[in-house]
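Overview (structure and organization)
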Amino acid sequence: MNRIKVAVIGSCASRDNFNHHFVPNYKDFFKCVVSQNQMSMISLMADPIPFHADHVTGDVSNYAKLHFTTELEKSVLYNLLINDPDYVILDFYADIFYGAREINQSLITNKVWQFKKINIYKNFEIGKAISIPKEEQSILKAWTLKREERTFMRVWKNNVDRFVRWMQEQLPNCKIVINQSRFTNAYYDEDKGEICRITDKLNHHYDLDRLNRIWSEMDAYVIEKYGVRSIAFGDKKYLADPNNPWGLFYLHFEHAHYLDFRDKFLKIVVDDLLENQKKRKRMETCSVNLIKNSTFNYGKKYWTYWQDTFMIQQNRTKSNSVSLTRKNLQQDANCQIWFNAVELNADGTAAYTVSFDVRITDVSQVDGEQAIFAIRLYNKPNDIFQKDAVAFHYLTIQQFKIKNNEWTRCSFTFTPTEGRFIKVGAYLFRNGTVAWRNIQLEKGRYATPWKPGYREAQ
């Protein structure tokens, strides 16, 4: 089974959905090929910052060092190109919670509390922050707060626009999915036996309602402007899990969150697969006539085998016709014209439809095997006769409701299972006065494989 390749740029609320500790069976469906931790869109699209890798030392985990390295290199963009994922999942936690910080004429995610523990950090020229204040604000600071929000959103929108354009140009087949998780400030305290606030437990003074409002505006901007998919949880609220492996935090949810994410993402994938299937069917049934000069406006050109008894009639329309009159024959004469060989797919999965207009002066005069059209499959493009065909079929007047001296549209769909080339043409075994026009051969939808027909014709 080919698993769906997924890239994640975001917080634990996104990345932990591809961790077997949270979703044990995720590998049954997905292969996480890129996982970028907590990186702001502003940092992601900034210029790389030169550094010496062996200088990235300090009293922090190797994971934290790697995170800092990716912030400097902006290597996630190269990782996306190398791994060519089917989906990239984004959440904007790093933007809303940290923002960005100027550094050496570029920008990184403003995770200063961690990055400053890395020795090389002090060697950089550190500038101002571009971020949204997290703390609760008094009314006196409301105007300042709004100004900082506007400044941040202007820079953020510019960079998220750049990222989406980059994806469209570099990975046009990769779909962006926005994870619309939100901060929770509630967890169940087993000792107290009640729902408690995380901010009280961690002694924080964060205005999570305001941050969630801004987060919703950010999601809406990308979803509405670019029409990308999203994983939304509606009015469902999740508690934080105090037993989460990463500790108690506003995005470390109870188990139900991750299972809901899995199911919602799977629905997106299934819907996309079904839509792709519909698109393929639409492509398969598109009207592309494989017959050149089906109107006979170019005379006999593109018709390989033409018996002189067939005459082209100028109908003063966009489509001429070809006609044949045979009378008083006591045995089959096998009158026929054949279009040039068309290479086909005969593996039993591709269907073809032959259609044409036919007018018969007197249906009762069509005798012999009463065929009016022929289809033959060959392994060689220059073969003509039935004895060389690997399969053949004749369309007869019994298959269609044909009235005397009226044009009737006839159509036949089949799925070849042998041969490399197909030839079609007007055909008459013995007597009759018949005209044909608008002959078409189209690749169509699946049909039951044909059964070989008459063996005596040539």
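Notes on the structure follow. Residue numbering note: each chain is counted from 1, following its sequence as written. Per-residue local features are limited, in this predicted model, to residues with pLDDT of at least 70; the limit for side-chain atom pairs, both in listing and counting, is 80 or more; totals at the level of whole chains, interfaces and linings are taken over all residues. To get the side-chain values, take all heavy atoms of the structure and skip hydrogens and water.

1. Looking at the overall build of the chain
Each helix and strand counted, the chain has 10 helices and 21 strands in total. Atoms counted for the radius of gyration: C-alpha only. Globule rule: 2.2 Å times residue count to the power 0.38. Against the compact-globule benchmark of 23 Å for 458 residues, the chain has a radius of gyration of 35 Å, which places it well outside the compact range. Dimensions of the chain along its principal axes, counting C-alpha atoms only, are 105 × 50 × 40 Å. Per-residue accessibility, obtained with a 1.4 Å probe over protein chains only, is compared with the maximum for each type, and a residue is labelled buried under 20%, exposed over 50%, and partly exposed between these values. Considering the chain as a whole, with its 458 residues, one finds that 50% of them fall into the buried category. Taking contacts inside the chain between residues at least 6 apart in sequence as the whole, the part at least 24 apart equals 78%. Charge assignment in this entry is limited to Lys and Arg as positive and Asp and Glu as negative, and neither His nor the chain termini are counted. A charged residue contributes its charge at one atom only: NZ of Lys, CZ of Arg, CG of Asp or CD of Glu. Between the centroid of the 63 positive side chains of the chain and the centroid of its 52 negative side chains there is a distance of 7 Å. Each helix is a run of DSSP H or I of at least 4 residues and each strand a run of E of at least 2, with the numbering of both proceeding from the N terminus. Throughout, a residue-residue contact means that at least one pair of heavy atoms, one from each residue, lies within 4.5 Å.

2. Looking at helix α9 (residues 208–226)
Multiplying 1.5 Å by the residue count of a helix minus one yields the expected span of that helix. For α9, built from 19 residues, the straight-helix expectation of 27 Å at 1.5 Å per residue is met to within 8% by its first-to-last C-alpha distance of 27 Å. Every buried residue belonging to α9 is among Leu208, Arg210, Leu211, Asn212, Ile214, Trp215, Met218, Asp219, Tyr221 and Val222, and all of these are buried. Just downstream of α9, glycine 227 is the residue with a positive phi angle, here 65°.

3. Re helix α4 (residues 76–83)
Every buried residue of α4 is accounted for by Val76, Leu77 and Leu80. For α4, the angular spread of the buried residues around the axis is 110°, confining them to a single face. Exposed residues on α4 whose side chains face more than 90 degrees from its buried face are Tyr78 and Ile82. Aspartate 84, located one to two residues past α4, shows a positive phi value of around 45°. Starting at the helix axis, one direction is taken to each C-beta atom, and the arc is that of these directions.

4. Section: the sheet that holds strand β1 (residues 4–10)
Strand order in this open sheet of five strands is β2-β1-β3-β7-β10, and the pairing throughout is parallel. For this open sheet the edge positions go to β2 (30–37) and β10 (229–231), each flanked by a neighbour on one side alone. Between one strand axis and the next, the sheet turns by 25° as a mean value, whatever way the strands run. Pairing analysis gives four bridges linking strand β3 (residues 87–90) to strand β7 (residues 175–179), with the strands arranged parallel. Note that in β7 the partner of isoleucine 89 across the bridge is valine 177. DSSP-based pairing: two strands are paired if at least 2 bridges between them are found. Interaxial angle, 0 to 180 degrees, is taken between N-to-C directions of lines fitted to C-alpha atoms, where a helix line uses only the stretch in contact.

5. Notes on the pattern of salt bridges
Two side chains of opposite charge can pair, provided their charged atoms sit close to one another. Here a salt bridge means any side-chain nitrogen of Lys or Arg lying within 4 Å of a carboxyl oxygen belonging to Asp or Glu. Taken as a whole, this structure holds 17 salt bridges when the rule is applied. With a closest N to O distance of 3.0 Å, glutamate 217 and arginine 213 form a salt bridge. Placement of both glutamate 217 and arginine 213 in helix α9 is noted, with a separation of four residues, approximately one turn of the helix. Looking at arginine 213, the relative accessible area reads 34%, which means it is partly exposed. When the shortest N-O distance is used, the salt bridge between arginine 420 and glutamate 343 registers 3.5 Å.

6. What about the sheet that holds strand β4 (residues 100–103)?
In a beta sheet, neighbouring strands are held together by backbone hydrogen bonds and run either parallel or antiparallel to one another. Spatial strand order, β5-β4-β6: three strands in an open sheet with antiparallel pairing. Unpaired on one side and paired on the other, β5 (106–109) and β6 (126–130) mark the two borders of the sheet. Averaged over all adjacent pairs, the angle separating strand axes in this sheet is 30°, with direction ignored. As paired elements, β4 and β6 share three bridges and run antiparallel to each other. The residue of β6 that forms the bridge with alanine 100 is isoleucine 130.

7. Focus: the packing of aromatic side chains
Classification of ring pairs uses Phe, Tyr and Trp, with its six-membered ring standing for Trp, and accepts pairs whose centres are within 6.5 Å; under 30 degrees between planes counts as stacked, over 60 as edge-to-face, and the remaining range as tilted. Taken as a whole and judged by the stated rule, the model has 44 aromatic pairs. Ring centres of phenylalanine 233 and tyrosine 238 lie 5.6 Å apart, and the angle between their planes is 90°; on these two criteria the pair is classed as edge-to-face. Residue phenylalanine 233 shares its accessibility class with tyrosine 238, and that shared class is buried. Three or more aromatic residues link up through ring pairs in this structure, and these residues are Tyr93, Phe97, Tyr98, Phe183, Tyr206, Trp215, Phe249 and Tyr250. Definition used: whenever NZ (Lys) or CZ (Arg) falls within 6 Å of the ring centre and also within 35 degrees of the ring normal, the charge is taken to sit over that ring. Sitting above the plane of the phenylalanine 97 ring, lysine 134 keeps its charged end 4.8 Å from the centroid. Its end group placed over the ring of tyrosine 378, lysine 423 keeps NZ or CZ at 5.8 Å from the ring centre.

8. Thoughts on the nonpolar core
Each nonpolar core is a collection of buried residues, namely Ala, Val, Leu, Ile, Met, Phe, Trp, Tyr and Cys, held together in the definition by side-chain atoms within 4.5 Å. Ranked by size, the top nonpolar core spans 76 residues in total, and within it Leu80, Phe92, Trp156, Phe163, Phe183 and Phe265 carry the most contacts. Element by element, the count of residues in this core is highest for helix α7 (residues 142–170), at eight residues. Ignoring anything within four residues of it in the chain, the contact list for phenylalanine 163 reads Ile9, Met41, Leu44, Met45, Leu77, Leu80, Leu90 and Ile176.

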